[in-house]
Structures are given as structure tokens and as C-alpha cells.
Amino acid sequence: METKNRPSIPQLGKFLERDEFIGLNRQTLTLLTRELFEEIRSGKTDASTDNNESVLAQTVLSRLNLLCKDSLVSLINATGIVLHTNLGRSPIEKSILEEMQESIGSYCNLEFDIDTGKRGERYGHLTKKLSFLLGCEDAIVVNNNAAAVFLILNTFATGKETIVSRGELVEIGGSFRIPDVMSASGTILKEIGTTNKTKASDYTAAITPQTAIVMKVHRSNFSVVGFTQEVAFEELIPLAQSNNLIDYYDAGSLNLFDAPYLGNETCAKALFEHSPSLVSFSGDKLLGSVQAGIIAGKKELIDKIKKNQLLRMLRVDKLTMSVLEKTLTRYIQKGPQAIKTHKLLSKTLLEMQIQADSILTRVIHSDKLSVGKTSTYAGGGSLPQHLLESLAIIIEDHPKNAERMIKALRAQGLIARIEKDHVLLDLRSIDDDELSEVATILNTVLEERP
Ligand SMILES: *Cc1c(COP(=O)(O)O)cnc(C)c1O
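Small disclaimer: the values here were computed from a predicted structure and weren't measured. (Residues numbered from 1 in each chain as written. Predicted model: local features only at pLDDT ≥ 70, side-chain atom pairs only at ≥ 80, totals over all residues. Heavy atoms only, no water.)

Draft legend 1. Just the domain arrangement of the protein, in detail. Under the domain assignment used here, the protein contains domain 1 (2–68), domain 2 (76–83 + 343–448) and domain 3 (94–337). Computed over C-alpha atoms only, the centres of domain 1 and domain 3 are separated by 55 Å. (Domains from an automatic or database assignment.)

Draft legend 2. Inspection of the site of the ligand at higher detail. If you check the shell around the ligand, you find 13 residues, and the closest are Ala146, Ser220, Asp250, Ser282 and Lys285. Within the backbone of Asn145, a nitrogen or oxygen atom sits 3.0 Å from an oxygen atom of the ligand. Ser282 is positioned with one of its side-chain polar atoms (N or O) 2.7 Å from an oxygen atom of the ligand. A total of 380 Å² of accessible area belongs to the ligand in isolation, and the protein chains cover 94% of it. If you list the elements that add at least two residues to the shell around the ligand, you get helix H6 (145–157) and strand S8 (246–252). Partitioning the shell around the ligand into residue classes produces 4 nonpolar, 6 polar and 3 charged. (Near = heavy atom within 4 Å. Polar contact = N/O pair within 3.5 Å; in protein donor to acceptor, adjacent residues only side chain to side chain. Areas by Shrake-Rupley, 256 points an atom, 1.4 Å probe, with all protein chains shown as cover. Helix = DSSP H or I, 4+ residues; strand = E, 2+ residues; numbered from the N terminus. Nonpolar A, V, L, I, M, F, W, Y, C, P; charged D, E, K, R; others polar.)

Draft legend 3. Region of interest: the pairing of strand S10 (residues 293–297). With 5 of its 5 residues buried, S10 lies for the most part within the structure. Neither face of S10 is exposed, since Gly293, Ile295 and Gly297 on one face and Ile294 and Ala296 on the opposite face are all buried. Here strand S2 (residues 138–142) pairs with S10 via 5 bridges, running antiparallel. Following the sheet pairing, Val141 is matched in S10 by Ile294. In this structure, strand S9 (residues 278–282) lies alongside S10, joined through 5 bridges in antiparallel fashion. If you follow Ser280 over to S10, its bridge partner there is Ile295. (Buried < 20%, exposed > 50% of the residue type's maximum accessible area, 1.4 Å probe, protein only. Pairing = 2+ DSSP bridges.)

Draft legend 4. Representation of unusual backbone geometry. At Ser275, a position not held by glycine, the phi torsion is positive, near 50°. Mapped onto the elements, Ser275 comes out in the loop between helix H10 (268–272) and S9. Overall, Ser275 belongs to the partly exposed group, its relative accessible area being 36%. Phi at Lys420 takes a positive value of approximately 50°, unusual for a residue other than glycine. Relative to the assigned elements, Lys420 resides in the loop between strand S14 (417–419) and strand S15 (422–426). Judged by its relative accessible area of 74%, Lys420 falls in the exposed class.

Written out as C-alpha cells, the structure reads:
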């Protein structure tokens with residue numbers, strides 16, 4: 001047997017001088033190259049004698065590219081669920097991201113008062129806009145709504161009781177369970193009523209000198225039907241305030257305005273007409289912005305929250321603040337139609353038919369597609385009882401191919417859904433500027449099929 005030719009390994013320093021590596025991080029290249037050379041020496045990587053330096057350089061470059069490839073990538077949401085938590089919940093208007101470069105790309109006045117030249121208030125930037133839109137006295141923004149719940153309970157009810165209806169001790173999105181968050185915050189949960197029925201008298205009877213908060217939690221992802229009763233938050237406000245207690249509503253997702261496509265949930269303005277103590281909601285649900293928790297209500301209470309040391313751990317960054325501010329500005333200046341989430345949620349069947357036509361005319365094998373009515377939910381713990389009508393492009397194929405088809409679409413960055421063994425592209429969550437890409441993906445995938 002012949003002894004193997006020892007692969008020739010280039011000298012490291014000289015190898016790294018190659019043209020292919022110009023402009024790249026020398027330290028990264030050194031690490032990747034050393035690793036490769038070590039593999040060749042130890043025989044782990046097969047290196048034949050014709051392994052010239054250029055081939056080795058290509059190997060280093062392809063490993064570098066693999067390492068640098070974005071893990072977080074853009075997808076087309078054809079599930080129909082506009083607020084899809086796994087797909088990043090609310091989309092962010094492209095123009096907002098562009099404007100952000102201008103406002104916060106360099107230094108900014110995040111905690112700086114330009115007038116006085118002194119330290120300014122991080123939370124002051126959004127107060128005026130939120131007060132205008134919600135009709136509240138004051139507001140503050142934290143990391144997400146889970147943080148808002150935690151912070152409110154921790155600020156006002158540590159070691160004291162918080163009254164909540166048994167029918168509202170919900171679990172939202174896997175790891176957020178109201179009873180667990182309550183206990184972590186240091187408050188004592190006082191459950192009242194039954195799963196299906198809670199009356200105003202249940203709240204009144206539960207109040208003791210230990211009570212701090214009367215809390216209501218929005219049933220974001222389920223509904224109780226049949227023999228049921230609950231007390232509206234509007235009713236809990238006077239009940240709590242006449243007993244010198246704080247009324248607090250974890251609204252989950254709050255819409256700023258009424259519209260038929262939003263069902264019959266109370267909008268923010270209507271809620272704040274009742275002067276609630278505190279309300280909290282997510283920034284990336286119906287508000288249509290970024291992950292954040294908005295706490296709005298009475299100024300004296302917000303002031304106390306600002307003094308809680310834990311706020312430091314839950315505070316938001318300038319990126320969040322900027323997206324949120326620009327979203328609020330769009331509501332004020334142009335209205336909800338300037339918010340992508342609302343553009344999608346409010347689309348009519350006719351508008352979706354036009355979208356479907358626009359896709360079909362661009363697809364070569366459009367005979368393999370049909371268009372049909374379907375329905376969907378807003379998602380993300382919003383409007384749980386409100387079914388939205390929708391229109392979908394259906395891929396006509398043998399039912400046993402559905403899984404393979406949806407996987408092939410996924411590989412192209414298009415997330416569809418399966419209904420009755422057929423792959424559906426639900427147009428509810430597809431925006432106009434994505435139509436040609438959807439068509440391109442369909443052409444690729446339908447072409448590949450046997
Ligand atoms: C969604 C939701 C939360 C959690 O909000 P995040 O912003 O996801 O942290 C809390 N409470 C209710 C009622 C919700 O619907």
C-alpha cells in the first residue's frame with residue numbers, strides 16, 4: 001500500500017494575503033483558516049494534493065459566508081393571521097424603518113433635554129402623543145405587556161391582594177400565565193367568582209384592608225360561551241375607586257379607534273372616558289407597532305411606577321421608542337390606514353380578489369390554482385371572537401402532496417397554511433408590495449413539481 005501524500009499546507013500569513021480576502025476581517029479569517037488547516041493535518045478534512053490554495057481560499061470564504069448568513073430573515077406571511085406571534089407579530093411599516101436612520105441612527109436626545117442641556121426624561125418622548133390618542137393623563141412604555149403587568153402589580157400590590165376573576169386567569173402564548181406573573185410580582189392573588197360567572201358583588205365581597213388592586217384581564221385567546229357573566233371594566237372603575245383601590249385592566253391588545261373590521265371590542269378612547277386608574281396593552285398587537293408594553297392612566301400612579309427600581313430592567317431602548325413614536329405619529333397625521341397591520345386587517349374581499357388576480361396573471365401554471373373564500377382570525381391575542389372573512393389562493397393538488405408543497409413554499413420564504421388537505425395562500429396577511437414575489441415563488445415551486 002502506498003503511503004498517502006502529505007497534503008501541502010500553505011504558510012498562514014502568506015495565504016491570508018490572497019486577493020479573495022481583501023476587505024475582510026483578518027482575525028476571523030485567521031481563525032477559520034487555522035481551523036481548516038488543522039482539519040487537513042489531522043485528516044479530518046480530505047485534502048488531496050491537487051488542493052491548491054485557491055480551492056482552500058474558497059473553502060474559507062464559504063465557511064465565512066455560512067457564519068455571516070442572517071438567521072433572522074424576511075418572510076411572506078400567507079397564513080392569514082395578521083398578528084402572527086411566531087412571525088414577529090405586527091409588521092412594521094417600511095417607511096418607519098427608513099425614517100429611523102434619520103432620527104436615531106446617530107446620537108439622539110433619548111435622555112437629554114435640548115432646552116436646558118441637562119438630563120432629560122426617557123419616557124417623556126411619547127407622553128403627548130399617547131395622551132392625545134388614548135385620552136389618558138399620562139403614559140409610560142416598557143419592554144412588553146408582560147413587563148407592564150409585572151411592574152404595575154409590583155409597584156402597587158407587593159404583599160397586598162389583587163382581586164381577579166377566576167374566568168380571567170389566562171395563559172397567553174405559552175409561557176405567560178397570569179397567576180404566575182402575579183406571584184412573581186409579589187402580589188397575593190385573590191380569585192373570585194367561578195370559571196363562567198363573576199358578578200360585581202363578588203368583587204365587593206372580596207375587598208379587605210389588604211386589597212390594593214382590582215384587576216381585569218382581557219380573555220385574549222379564548223371565549224367563554226353559554227351560561228356566563230362577567231363585569232365590564234367600566235363597571236370596575238367606580239367600584240375600585242370608591243373603595244380607594246386601583247382599578248387595572250390588562251387589555252392585552254387595544255385598538256385606538258372603532259371600526260367594523262375590529263368587531264365590537266371597546267376602543268381606547270371609549271375606555272379612557274371612564275378615567276381608569278391604569279390600563280396596559282402590547283405595542284405589537286392591534287396598535288401595529290413594535291414589541292412594547294404601554295401603561296396608561298392617572299399621572300400620580302405613573303409617577304410612582306417611574307420611581308420603581310425595577311423599571312430600569314424593563315425599560316425600552318431608543319429603537320423601540322422611535323418605532324413607537326413614528327407609529328403614533330402616523331395614527332395622528334394620517335389615520336390607521338397608514339399602519340400596515342390595519343391596512344391588512346381592513347382589506348375587503350374585493351381588494352383581495354384584485355390581489356389574487358394580480359398573482360394569477362403572473363403565474364405560468366395558474367391552472368393549478370384556484371381562488372376561494374375562507375376566514376381567519378387577527379391573531380396575537382387580538383379579537384379572539386371575531387372571525388374575519390378572507391380570500392385565498394388554493395393550490396390544486398393531491399391531498400397527500402400538501403405537506404411537501406407547504407414545505408417547498410417555506411423553503412422559498414413563503415409561509416402558507418393547510419386547510420382540508422389543501423395548501424392555501426391566505427391573502428388577508430399579504431400586502432400589495434409582496435404580490436410579485438408570491439407569483440415568483442409559485443412559479444418556482446410549481447415548476448419543480450413532478
Ligand atoms: C398578549 C397579552 C399579554 C402579553 O403581552 P406581551 O406584549 O406579549 O408581553 C398579556 N396579557 C394579555 C391579556 C395579552 O393578551
